[in-house]
Amino acid sequence: MCVVVPAVYNFVLAFSKDSAPTKLRSILNRQPCRAHVYLKRISMLDIPYENEEQSGQWIHQIFREKVKKHSIVN
């Protein structure tokens, strides 16, 4: 396998509920918003790209873990 891109990154940007609303008006009024960034590096060698069904299952599992860990969906 020839790997051109060594890894992909799973990225989450979350805003705290106790900060100003994340709206353009808040930003223009210089109201601080507290943000959290979560980043996970995934090696291309760990991604099952040769089989479409396995790739689909893999990406769904990544999303389920993200939702569970970061509560991004109610």
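I will try to describe carefully the structure that is included in this document. (Residues numbered from 1 in each chain as written. Predicted model: local features only at pLDDT ≥ 70, side-chain atom pairs only at ≥ 80, totals over all residues. Heavy atoms only, no water.)

Right, let's talk about the overall build of the protein for a bit. Helix and strand content of the protein: two helices and two strands. Along the protein, helices and strands appear, N-terminal first, in the series β-α-β-α. Each principal axis of the C-alpha distribution contributes one length, and for the protein these read about 50 × 30 × 15 Å. Counting every position in the protein, which comprises 74 residues, the buried fraction comes to 16%. Contacts spanning at least 24 positions in sequence make up 54% of the contacts within the protein whose residues lie at least 6 apart. Total accessible area on the protein is roughly 6,600 Å²; 55% of this is exposed by carbon and sulfur atoms. Here the protein carries 11 positive and 6 negative side-chain charges, and the mean point of each set is 18 Å from the other. (Helix = DSSP H or I, 4+ residues; strand = E, 2+ residues; numbered from the N terminus. Buried < 20%, exposed > 50% of the residue type's maximum accessible area, 1.4 Å probe, protein only. Contact = heavy atoms within 4.5 Å. Areas by Shrake-Rupley, 256 points an atom, 1.4 Å probe, with all protein chains shown as cover. Lys, Arg positive; Asp, Glu negative; His and termini not counted. Charge placed at Lys NZ, Arg CZ, Asp CG, Glu CD.)

Secondary-structure assignment places Asn10 in strand S1 (residues 7-15). Accessibility expressed as a relative area gives 16% for Asn10, which makes it buried. Contacts of Asn10, omitting those with residues within four sequence positions, involve Tyr38, Leu39, Lys40, Ile42, Ile62 and Lys66.

It is worth spelling out helix H2 (residues 52-70) at this point. For H2, spanning 19 residues, the distance from its first C-alpha to its last is 27 Å, which sits close to the expected 27 Å at 1.5 Å a residue. The distance from a side-chain oxygen at the start of H2 to the backbone nitrogen of Glu53 is 2.8 Å, and the residue carrying that oxygen is Asn51. (Expected span 1.5 Å × (residues − 1). Polar contact = N/O pair within 3.5 Å; in protein donor to acceptor, adjacent residues only side chain to side chain.)

Bringing a nonpolar patch on the surface into the picture now. On the surface, Tyr9, Phe11, Leu13, Phe15, Val37 and Leu39 cluster together into a nonpolar patch covering about 640 Å² of accessible area. Of all the elements in the fold, those that place two or more residues in the nonpolar patch are S1 and strand S2 (35-43). In terms of residue count, S1 provides more of the nonpolar patch than any other element does, four residues in total. By the element assignment, Leu39 lies in strand S2. (Patch = residues over 30% accessible without salt bridge, like charges linked within 9 Å, V, L, I, M, F, W, Y side chains within 5 Å. Salt bridge = Lys/Arg side-chain N within 4 Å of Asp/Glu carboxyl O.)

These results come straight from atomic positions and should not be treated as a statement about function.
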